[in-house]
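# A closer look at the structure
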Amino acid sequence: MAPSEIQVVLPDGSTKTLPAGATGADLAKAIGPGLAKAALAIRVNGDVRDLQRPLPDGVKVSILTDKDPQALDVLRHSSAHVLATAVRQLFPKAQIGFGPPIEDGFYYDFDIGRPFTPEDLEAIEQKMAEVTKQDYPFVREEVSRAEAKKRFTDDPLKLERIGDLGPNEVISVYTDGPFVDLCRGPHVPSTGRIKHFKLLHAAGAYWRGDERRQMLQRIYGTAWFSKQDLDQYITRLEEARKRDHRVIGKQLDLYSIQEDVGPGLILWHPNGAILNFELRRFIEDIILQRGYQLVYTPHVTREQLFLRSGHLPLYAANQFPAMAAGEGESEEVHYRVKPMNCPMHILVYASQQRSYRDLPIRLAEIANVYRNERSGTLHGMLRVRGLSMDDAHIFLREDQIEEEIFNLLDIVELVMGKTFGLQYRLDLATRPDKKLGDDRMWDVAEQALESALKRRGLTYRMDIGGGAFYGPKIDIKFNDAIGREWQGATIQLDYELPERFKLEYTGADNKPHRTVIHGFPDRAFRGSVSALAVAGAGSGAADLRRAARRGAGRA
RNA sequence: GCUGACGUAGCUCAAUGGUAGAGCAGCUGAUUUGUAAUCAGCAGGUUAAGGGUUCGAGUCCCUUCGUCAGCUCCA
């Protein structure tokens, strides 16, 4: 017989008995009218769900109100639906894509056959206000695959998504007033709960982020629980704009990028150059103290070298075209500007016999490299075509990996954390499907990276399958003053290059062994000095002004 | 690269298709007044480049260059 009652465990450990079939909303009501009014969603054994769903027996629950950060995601997800509701009313033929919550807001992708204009956004925002005023309840339904397909016959993008769903996945749809969306949920109880929102801007976005597919029009917005939060967020955006390194770089006369020279190529003016100089010296001091040896290698090399390293076939799109050198009678010899230093550092290592006693050998160079980045990705000093890369390649034995990474993480903290005060994040990227070498090798490498991270007591995110085909890596990412995320340094292991260049050392057993390389290229240190400083603390601009003045006085 | 917006004096910005302007900065002179704004005058432009429409183009159209925003935080 079916039990007529269920019990749930509240956050304080007490239990509550409810009739079978009771929902989160029922629970909130049972606890108190105040909570019933404030309740937005419910956490059931860690999963956030709608209040309207029946509660299973024996679960741990916690009712979410506007005080819970997870509720903010729910609010924003629901805001995205309100946005889509409004767009569908104004553009009945609009096709709908995805509409998730994101950090600080939400977006929704549409195809209306043309881009949205600023006037469209205003009209949509007004329509959204009407939708929230109507206070439509969000109604969840679980449907069969056939039913789902029927409901979205006019939405090819949704149909494609339905086709991707696994056979055992529950398909749910949410309705708010006139709008129905394929959606996993959860949502706030009704559209009236969304009060403080603003549309920010529209831009093109490829369907599923794939540039081979059609371009949709994405509308970004933000939503908050209180007007105060919303206003604060808008102020924060304005403040951040003032701290943009491109603005400060101009104000302080740090650098310029000029059309006559080319996009992404930086002219360091005296005020910026003195910062560049100091930073270079700072970095070089650190690495010399820590057992690195400086090397200098040419800016151009024979193309053949990048063929041997394997870079050219993969990387050619990001390299500047070859130049003919006219050596002798041969038309065949071409040269390339270097996009990275590894092949040349490897040749330094390989220039003589190495003993296991010599390892690790740490070769470092702050080198100018040039990459033909896609035009649309360029951004001030942070994404450029010519940069000074603080680069190092460490040649070591497999048993030395962990210790070396352990020490390297200390340098990262010293530079990014202690010196620049950056909030950075560590991602451990593990073996991808297509990879080089055997599983044992990957086991050793990944474990070494992970235990170095653990020994340092660092928190990190796993990026399963995110490693390069030639080895796992630790990516170091940070946010700039305007909140955008950038790739800082990368610590990566490379099993490919030692193989290609037959790098060896003589072991204690008097036999040759394959060397492991571990690279530490860092595009952020000097390619973007002021950007780093500005990206840092809120006081960045003031510090920089002082530094620039000192620099000017000195010159 | 793709989609969209944009490109006017060194900088920040004006100019219903009808003689390109202002503030700041610069230069000259006056002022000597205690720390972010003294006064007067002068100079500064092939309106990104090239083409087209028009009696007439900064403004409308096309091409190129550049800048800015976005381009899976997965229903």
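Since this is a predicted model, take the numbers as computed values, not measurements. (Residues numbered from 1 in each chain as written. Chains lettered and ligands numbered in written order. Predicted model: local features only at pLDDT ≥ 70, side-chain atom pairs only at ≥ 80, totals over all residues. Heavy atoms only, no water.)

We now examine the pairing of strand 8 (residues 105–111). Each regular strand shows side chains that alternate between the opposite faces of the sheet. Counting buried residues along strand 8, 6 of its 7 residues qualify, which places the element largely inside the surrounding structure. One ladder, built from 2 bridges, connects strand 6 (residues 95–96) with strand 8; its direction is antiparallel. Counterpart to Gln95 in the pairing with strand 8 is Asp111. Both strand 7 (residues 101–102) and strand 8 contribute to a ladder of 2 bridges, which runs antiparallel. Paired with Ile102 across the strands is Gly105, a residue of strand 8. Where strand 8 lies against strand 13 (residues 215–224), 5 bridges are found, and the strand directions are antiparallel. Residue pairing across strands places Asp109 opposite Arg218, the latter belonging to strand 13. (Buried < 20%, exposed > 50% of the residue type's maximum accessible area, 1.4 Å probe, protein only. Helix = DSSP H or I, 4+ residues; strand = E, 2+ residues; numbered from the N terminus. Pairing = 2+ DSSP bridges.)

If you trace the 3 strands from one edge of the open sheet to the other, you get 4-3-5, paired in antiparallel fashion. Taken across any chain shown, the strands that pair with only one partner, and hence form the sheet edges, are strand 4 (47–49) and strand 5 (61–64). Averaged over neighbouring strand pairs, the angle between their axes works out to 25° when direction is ignored. Examined bridge by bridge, strand 3 (residues 41–44) and strand 5 share 4 bridges and lie antiparallel to one another. When the bridges of strand 5 are listed, Ala41 appears paired with Leu64. Lying over the sheet, helix 1 (residues 24–31) contacts strand 3 and strand 5, oriented at roughly 85° with respect to strand 5. (Axes fitted to C-alpha atoms, helices over the stretch in contact; angles between N-to-C directions. Contact = heavy atoms within 4.5 Å.)

Turning next to the pattern of salt bridges. Summed over the entire model, instances satisfying the criterion amount to 38 salt bridges. With a shortest N-O distance of 3.5 Å, Arg43 and Asp68 are connected by a salt bridge. Here the residue Arg43 occupies a position in strand 3, and Asp68 occupies one in the loop between strand 5 and helix 3 (69–90), the gap between them amounting to 25 residues. According to the relative accessible area criterion, Asp68 is buried, its value standing at 17%. Between Glu450 and Lys454 there is a salt bridge, and its shortest N-O distance comes to 3.6 Å. (Salt bridge = Lys/Arg side-chain N within 4 Å of Asp/Glu carboxyl O.)

Relative to the helices and strands, His513 is located in strand 27 (residues 512–514). On a C-alpha basis, the gap between His513 and Pro100 in space is 51 Å, while along the polypeptide they are 413 residues apart. When sequence neighbours within four positions are dropped, the list of residues in contact with His513 reads Leu503, Glu504, Tyr505 and Gly507. Side chain to side chain, His513 and Asp509 meet in a polar contact 3.0 Å long. (Polar contact = N/O pair within 3.5 Å; in protein donor to acceptor, adjacent residues only side chain to side chain.)

Another point: helix 12 (residues 342–349). Counting buried positions over the 8 residues of helix 12 gives 6, a clear majority of the element. Cys342, Pro343, Met344, His345, Ile346 and Tyr349 are the residues of helix 12 that are buried.

Moving on, we come to the confidence of the model for chain A. Looking at chain A, the pLDDT average stands at 83 and 91% of residues meet or exceed 70. Interface confidence for the predicted complex, given as ipTM, is 0.86, next to a pTM of 0.82. (pLDDT = per-residue confidence, 0-100.)

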